[in-house]
Amino acid sequence: KDTLIIKVYPRANIQKDTVFCIADDPFILYNGEGKGTFIGSGITNGAKGIFNPSLAGQGNHTILFNLPGKCTDTIHIFVKALPVVTLSGLKSFYCFKDTVQNLILNPAGGTLNGTGLNGNTFNPAKAGTGTHTLSYTFGSGKCISTAKANITVGDTLKLNLFADKDSVCIGTTVTLGTKAMGGNGKYILSWSSGQGNAPSIFVNNKTTTSYRVTLND
């Protein structure tokens, strides 16, 4: 009669399966055995059990733990990527008098910062003229991502019309000039006399004539 004795060792007293973010600092895996070696992707020091998430990379990783004279145990570690964050629904330029704009924020539940904001809307008039940066941040700890949008708000369009002479005689040539302000700076002028997009025109009239110029951007 033969006897076969099988000794079953319990799992080593080590780190349980866990999750890290790829931006987390290197972490010392728990080792209650006081000895043994960790082996696997992301392990930078097997004896101390130092695991580096960014070195391991995104995804599932199986870490082996070897204890002399006993079994080899495994730890399953999942390294998650930084969240993908988007901030959209905006143009790069608005006029001061434009209507309130709704922002599209993904994923929901993050933090929105910037001037001209009211909840998840952007108000050009509230922001004021100039260039503004809006930012949307999502995540916690070191596992956070931020999306940004740069927006320029132009002042209300203004136009001054002037002549190079205060009074003229019939048949005298006069220069009519303009000075445009505000908006996006890409001005389009339209004269009632048909001269088209010109900042100034020359006129020579034999009767009293009114001129009108329209400014757009």
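Colleague: Outline the overall build of the chain, supporting the account with residue identities and numerical values.
Modeller: For the chain, the helix and strand inventory stands at 2 helices and 21 strands. Dimensions of the chain along its principal axes, counting C-alpha atoms only, are 135 × 30 × 30 Å. Across the 217 residues in the chain, those meeting the buried criterion constitute 30%. Sequence-distant contacts in the chain: of pairs separated by 6 or more residues, those separated by 24 or more amount to 49%. Carbon and sulfur atoms make up 52% of the accessible area of the chain, which totals about 13,400 Å². When the 19 positive and 11 negative side-chain charges of the chain are each reduced to one mean point, those points stand 2 Å apart.

Colleague: Just give me the short version of the pattern of salt bridges, but keep the residues and values in it.
Modeller: Enumeration according to the criterion identifies 2 salt bridges in this entry. A salt bridge links Asp25 to Lys142; the nearest nitrogen and oxygen atoms lie 2.6 Å apart. Remark: Lys142 occurs in the loop between strand 15 (130-140) and strand 16 (143-154) and Asp25 occurs in the loop between strand 1 (18-21) and strand 2 (27-28); sequence separation between them is 117 residues. According to the relative accessible area criterion, Asp25 is partly exposed, its value standing at 47%. Taking the shortest distance from any N to any O, the salt bridge between Asp155 and Lys158 comes out at 3.2 Å.

Colleague: Please set out the sheet that holds strand 3 (residues 37-39) residue by residue, giving values where relevant.
Modeller: Strand order in the open sheet formed by 4 strands is 1-7-6-3, and the pairing between neighbours is mixed. Of all the strands in the sheet, the pair left with one neighbour each is strand 1 and strand 3. Neighbouring strand axes in the sheet, compared pairwise and without regard to direction, differ in orientation by 30° on average. Sheet analysis places strand 6 (residues 59-66) next to strand 7 (residues 72-80), joined by 8 bridges and oriented antiparallel. The residue bridging Leu64 from the neighbouring strand is Thr74, located in strand 7.

Colleague: Explain unusual backbone geometry residue by residue, including any values.
Modeller: Put simply, Asn106 and Pro107 share a cis peptide bond, and its omega is -10°. Relative to the assigned elements, Pro107 resides in the loop between strand 11 (104-106) and strand 12 (111-113).

Conventions used here
- Residues numbered from 1 in each chain as written.
- Predicted model: local features only at pLDDT ≥ 70, side-chain atom pairs only at ≥ 80, totals over all residues.
- Heavy atoms only, no water.
- Helix = DSSP H or I, 4+ residues; strand = E, 2+ residues; numbered from the N terminus.
- Buried < 20%, exposed > 50% of the residue type's maximum accessible area, 1.4 Å probe, protein only.
- Contact = heavy atoms within 4.5 Å.
- Areas by Shrake-Rupley, 256 points an atom, 1.4 Å probe, with all protein chains shown as cover.
- Lys, Arg positive; Asp, Glu negative; His and termini not counted.
- Charge placed at Lys NZ, Arg CZ, Asp CG, Glu CD.
- Salt bridge = Lys/Arg side-chain N within 4 Å of Asp/Glu carboxyl O.
- Pairing = 2+ DSSP bridges.
- Axes fitted to C-alpha atoms, helices over the stretch in contact; angles between N-to-C directions.

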